[in-house]
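Each chain, letter by letter, is given below.
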Amino acid sequence: MDKAKLGKRFEGKVAIVTASTQGIGFSIAERLGLEGASVVISSRKQQNVDEAAEKLRAKGIEVLAVVCHVSNAQQRKNLIGKTIQKYGKIDVVVSNAAVNPSLDPILKIQNSILDKLWEINVKSTILLLKDVAPYLQKGSSVVLISSLVGYNPPPTMAMYGVTKTAVLGLTKALASEMAPNTRVNCVVPGLVPTHFTAFLTNNDAAREKVEGNKLIRRCGTTEDMAAAAAFLASDEASYITGENLVLAGGVSSRL
Ligand code: NAP
């Protein structure tokens, strides 16, 4: 990314991005940081948090790095507490964490896996925002991360897809609840090669099939997702709330 070509839309702002030590979350933290934000990154593993922080600092970004498994209440509180202690406010929250632990059909999924999917993909966002809400500034912005499969959950990712459908709805409901001081929008990625999707994107045939179905004949990049998240989080989107923005290279049957 050419830093010289980027704006400074987040100068003086404080942004929390969950699950941000690699993939889409990391690119969002990087983009917000390059545009001037102080970024608070986190994930489950200390080593990943340390390494990601080092990469961002090497690019001149102001970073606070905290371990936070999003379904751990104490770690969520610590994430927010450390942010307030260091920066005194929160302007942007990007809730990015999700898991996809099962390829089973919905009626065959173990109870414990169902709980994990709801806990991490849906409930943790609600609980995080509950704790963050008292610190959100007037003009603040929340960005959730859904998935194209949320519109039409496929058989191999059915329950994961349903949790992402819930995130689309959550965006609408929270936008209403948090207005007018906080806007809530959602980035909806199609297939983006990351660790999360390596099982698919490392398979040439599967990847080419997906790419062939797109008007723009390639997979998305983490930078594509970061650009959209940064736009939605910025004041340039100050009249946009409750919207789900699909980034999938033109693959979609929705109007
Ligand atoms: P990724 O590259 O696998 O990165 C996942 C990140 O999340 C890592 O930093 C990981 O670090 C952290 N993490 C995992 N579980 C966590 C937890 N319970 N609490 C906190 N951090 C956790 O994943 P990605 O592809 O960027 O996916 C990011 C988001 O985009 C997810 O919401 C996913 O559903 C969505 N999405 C992705 C695609 C795609 O094609 N990639 C498409 C649609 C939607 P640690 O291991 O250190 O925790």
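Everything in this summary refers to the structure shown in the same document.

So, how was this worked out
Residues numbered from 1 in each chain as written. Predicted model: local features only at pLDDT ≥ 70, side-chain atom pairs only at ≥ 80, totals over all residues. Heavy atoms only, no water. Helix = DSSP H or I, 4+ residues; strand = E, 2+ residues; numbered from the N terminus. Rg over C-alpha atoms; globule rule 2.2 N^0.38 Å. Buried < 20%, exposed > 50% of the residue type's maximum accessible area, 1.4 Å probe, protein only. Areas by Shrake-Rupley, 256 points an atom, 1.4 Å probe, with all protein chains shown as cover. Lys, Arg positive; Asp, Glu negative; His and termini not counted. Charge placed at Lys NZ, Arg CZ, Asp CG, Glu CD. Polar contact = N/O pair within 3.5 Å; in protein donor to acceptor, adjacent residues only side chain to side chain. Near = heavy atom within 4 Å. Nonpolar A, V, L, I, M, F, W, Y, C, P; charged D, E, K, R; others polar. Salt bridge = Lys/Arg side-chain N within 4 Å of Asp/Glu carboxyl O. Expected span 1.5 Å × (residues − 1). Core = buried A, V, L, I, M, F, W, Y, C linked by side-chain atoms within 4.5 Å. Contact = heavy atoms within 4.5 Å.

1. Looking at the overall build of the protein chain
When its secondary structure is counted, the protein chain shows eight helices and seven strands. Its C-alpha radius of gyration of 17 Å places the protein chain within 12% of the 18 Å reference for a compact globule of 255 residues. In terms of overall dimensions, the protein chain has a C-alpha envelope of 45 × 40 × 40 Å along the principal axes. With 255 residues in all, the protein chain has 48% of them scored as buried. Carbon and sulfur atoms form 53% of the exposed surface of the protein chain, whose accessible area is close to 12,300 Å². Across the protein chain, the mean location of the 30 positive side-chain charges is 3 Å away from that of the 22 negative side-chain charges.

2. Notes on the side chain of S124
Mapping S124 onto the fold places it in helix α4 (residues 111–132). Reaching out from S124, the side chain makes a polar contact with the backbone oxygen of I120 at a distance of 2.7 Å.

3. Re the site of the ligand
Around the ligand there are 29 residues in total, and T21, S43, N96, Y160 and T194 lie nearest to it. In this structure, an oxygen atom belonging to the ligand sits 2.8 Å away from a side-chain N or O atom of N48. Burial of the ligand by the surrounding chains reaches 95%, relative to a free accessible area of 900 Å². Elements with a contribution of two residues or more to the shell around the ligand: α1 (23–34) and α5 (158–178). Looking at the shell around the ligand, its residues break down into 13 nonpolar, 13 polar and three charged.

4. Some points on the pattern of salt bridges
One pass over the full model with this rule turns up twelve salt bridges. Note that E119 is salt-bridged to K123, the shortest N-O span being 3.7 Å. Here E119 pairs with K123, and both are found in helix α4, just four residues apart, close to one helical turn. By relative accessible area, E119 is classed as partly exposed at 26%. Where E211 meets R207, a salt bridge forms, and the shortest distance between an N and an O atom there is 3.0 Å. With E211 and R207 both in helix α7 (residues 204–212), this residue pair falls four residues apart, about one helical turn. Exposure remark for R207: the relative accessible area of 28% places this residue in the partly exposed category.

5. A closer look at helix α8 (residues 222–233)
For α8, built from twelve residues, the straight-helix expectation of 16 Å at 1.5 Å per residue is met to within 8% by its first-to-last C-alpha distance of 16 Å. Within α8, the full set of buried residues consists of T222, M225, A226, A228, A229, A230, L232 and A233.

6. Some details on the nonpolar core
One finds I28, L32 and V39 to be the most contacted residues of the largest nonpolar core, which totals 31 residues. Taken together, the elements giving at least two residues each to this core come down to β1 (14–17), α1, β2 (38–43), α2 (46–58), β4 (90–95), β5 (136–145) and α8. Looking at this core, the element that brings in the most residues is α8, giving seven residues. Apart from residues lying up to four places away in sequence, L32 is in contact with F10, A15, V17, A37, V39, V92, V94 and A230. In this structure, L136, L170, M178 and V188 belong to the second largest nonpolar core, which totals 27 residues.

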